[in-house]
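Here is how the chains run, residue by residue.
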Amino acid sequence: MNTHRLFGKEDELLLIASRWTELGKEIPEKDFVEIIEKINDWTFFLQRAFETNLAPLVLARFDRLRPGLLPLEVMKALKSYRHRILMHNLHLYRELEQIGLLFDQEGIDFIPLKGMMLAEVVYKNPGLRQISDMDLLVRVEKIEDCKNLLVRSGWDCKEILGMNRKGEDLFLVAHPYLLSKGKVNIELHQHIHNGHAGYKVPIEHYWNRAKAFPFLKSKAMFLAPEDLLQHLALHLYKHLENGQMKACSYYDIALVMDHYRHSLCWITLKGNSLNYGCWTQVHTILLLVHKFWGAHIPDDYLTGFETRRFSILEDRFAQRFCDPYNIRNNHLKNGSIAQLVRLESNRQRWEWFWRNLFPSSQFIVRRYKVSAGWKAYLYYPYHWAGGMGQLSQLIWRWLIEFAKKR
């Protein structure tokens, strides 16, 4: 198994257990035993399993090991967590069934994105894929009708970014509406990415290639395999760049590649990605999934990436995978500064400074909940001031620690 120098034994066990859960391959039990025997802090292992969302996958693999190999309390905690995930997901299923029937009655096409579609179609097990909310893609011209229909059905609606922009506007709002009912949320999408992403994927191309299939009790449109893989990779690349880590999403891609291995056209995937200007992003994620989750990529697509640059991306992936949640989360105080402290090379530090001093407008809009795209530029001084304040606090703590040592 390919591992990274930053991985501790707990993270190594998470990866080795999760990567083979459903991919039709097995790692000899003795390889698990060698790692399990080196784990001393099982509480920390459970914490890492929960915060990476890999716990259900890990338990599925542990269930096939001989009884007694793992501590009983660890297995109990994992099973309790899986039960909660299953109950939550089944509740989401029931809500989505009703929404699908509602859309069918009105003749509205929709495409389930990410968690719900993957759990039902690719995982084929509602308890294996942890789902936070429902992501539904509808046609741009139907976005208001869908929102109004859901509101009349008892859903509360929150408009994400002020006025809903459509069409060919440079600043596209991917999901302008968030609808909620109790603890269930729906992100209503009209595009798969916001503007200023550095590439543009025409959403009508996705719709033209989508196919209708039975889904739960209704009918839904499913993305073509190449578009599904491209969408998942772009979504994951955005999180990688923003300092967030959704480890289970890497396994999503590995499982999609395995599920569609006989129908996936790599020439089409690369051609479309080149045309849309996003092949670098897609290729990056595919290579990471290949390296750390063992997903198969044809030899022709394993090349074409500068070695030094991919090494930096590997380090970035490992850094964010291994960081505890409270360091990795951008929204917590001093989170980004804590990442800076852990960087090992001047090049990485320079990249960190450049990325945080001049983030994308898309990041500014999300971070500060700006109501219009052009207003993002007005927030840069505020962003810089906040960063300097965090840096000043960090320097002050360093000085205090230095004084104590003296």
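Structural data are supplied above this passage.
Rules and cut-offs
Residues numbered from 1 in each chain as written. Predicted model: local features only at pLDDT ≥ 70, side-chain atom pairs only at ≥ 80, totals over all residues. Heavy atoms only, no water. Buried < 20%, exposed > 50% of the residue type's maximum accessible area, 1.4 Å probe, protein only. Helix = DSSP H or I, 4+ residues; strand = E, 2+ residues; numbered from the N terminus. Polar contact = N/O pair within 3.5 Å; in protein donor to acceptor, adjacent residues only side chain to side chain. Salt bridge = Lys/Arg side-chain N within 4 Å of Asp/Glu carboxyl O. Pairing = 2+ DSSP bridges. Axes fitted to C-alpha atoms, helices over the stretch in contact; angles between N-to-C directions. Parallel < 35°, antiparallel > 145°, perpendicular 65-115°, else oblique. Left-handed = near helix turned anticlockwise from the far one by under 90°. Contact = heavy atoms within 4.5 Å. Nonpolar A, V, L, I, M, F, W, Y, C, P; charged D, E, K, R; others polar. Phe/Tyr/Trp six-rings, centres within 6.5 Å; stacked < 30°, edge-to-face > 60°. Lys NZ or Arg CZ within 6 Å of the ring centre and 35° of its normal.

Draft legend 1. How the structure looks around helix 3 (residues 42-51). Residues of helix 3 that are buried include every one of Trp42, Phe45, Leu46, Arg48, Ala49 and Glu51, and no others. The N-terminus of helix 3 is capped by aspartate 41, whose side-chain oxygen sits 3.3 Å from the backbone nitrogen of threonine 43. At the C-terminal side of helix 3, asparagine 53 shows a positive phi close to 65°.

Draft legend 2. Highlighting the pattern of salt bridges. Within the structure shown, the criterion is met by 12 salt bridges. Aspartate 252 is paired through a salt bridge with arginine 129; the nearest N and O atoms lie 2.6 Å apart. Here aspartate 252 is found in helix 10 (residues 247-259), whereas its partner arginine 129 is found in the loop between helix 6 (115-123) and strand 2 (134-138), with 123 residues between them in sequence. Each member of the pair aspartate 252 and arginine 129 is classed as buried. One continuous salt-bridge network, built from bridges that share partners, spans Asp11, Arg48 and Glu51.

Draft legend 3. The pairing of strand 5 (residues 184-189), seen in detail. Burial analysis of strand 5 places five of its six residues in the buried class, which makes it a mostly covered element. Bridge count between strand 2 and strand 5: four bridges; the pairing is parallel. Counted as the bridge partner of leucine 136 is leucine 188 from strand 5. Relative to strand 5, strand 4 (residues 177-181) is paired through five bridges, and the arrangement is antiparallel. If you follow tyrosine 177 over to strand 5, its bridge partner there is leucine 188.

Draft legend 4. Molecular detail of the packing of helix 1 (residues 9-18) against helix 3. Where helix 1 meets helix 3, the closest approach of the two axes is 9 Å, and the angle between their N-to-C directions is 50°. As the angle between them shows, helix 1 and helix 3 are arranged oblique. Judged by the sense of rotation from one axis to the other, the crossing of helix 1 with helix 3 is right-handed. Of the residues in helix 3, those touching helix 1 at Glu10, Asp11, Leu13 and Leu14 are Trp42, Phe44, Phe45, Arg48 and Ala49.

Draft legend 5. Representation of the packing of helix 3 against helix 5 (residues 72-106) within the structure. Close contact between helix 3 and helix 5 brings their axes to 11 Å; oriented N to C, the two are set at 20°. The pairing of helix 3 with helix 5 is recorded here as roughly parallel in orientation. Taken as a pair, helix 3 and helix 5 cross one another with a handedness that is right-handed. Contacts between helix 3 and helix 5 involve Trp42, Leu46, Ala49 and Phe50 from the former and Val74, Ala77, Leu78 and Tyr81 from the latter. The residue makeup of the contact of helix 3 with helix 5, split by class, is eight nonpolar, no polar and no charged.

Draft legend 6. Representation of unusual backbone geometry. In the Ramachandran plot, asparagine 53 falls in the positive-phi region, its phi being about 65° despite a non-glycine side chain. Assignment of secondary structure puts asparagine 53 in the loop between helix 3 and helix 4 (55-62). Since its relative accessible area comes to 23%, asparagine 53 is described here as partly exposed. At leucine 216, a position not held by glycine, the phi torsion is positive, near 55°. Secondary-structure assignment places leucine 216 in the loop between strand 6 (211-215) and strand 7 (218-222). Leucine 216 sits in the partly exposed class, given a relative accessible area of 25%.

Draft legend 7. Representation of the side chain of serine 273 within the structure. Position of serine 273 among the secondary structure elements: in helix 11 (residues 266-276). Note on serine 273: relative accessible area 0%, which makes it buried. A polar contact is formed between the side chain of serine 273 and the side chain of glutamine 230, at a distance of 3.0 Å. Those residues in contact with serine 273 that sit more than four places away from it in its chain are Gln230, Cys278, Trp279 and Val282.

Draft legend 8. Quick peek at the packing of aromatic side chains. Inspection of the entire model under this criterion finds 10 aromatic pairs. When the centroid spacing of 5.9 Å and the interplanar angle of 55° are considered together, the rings of tyrosine 123 and tyrosine 251 count as tilted. Of this pair, tyrosine 123 sits in helix 6 while tyrosine 251 is found in helix 10, placing the two residues 128 residues apart along the sequence. For the pair formed by tyrosine 123 and tyrosine 251, the shared burial category is buried. Lying over the aromatic face of tryptophan 207, arginine 139 brings its terminal NZ or CZ to 4.2 Å of the ring centre. A cation over an aromatic ring shows up here: lysine 291 above the ring of phenylalanine 292, its NZ or CZ 5.7 Å from the ring centre.

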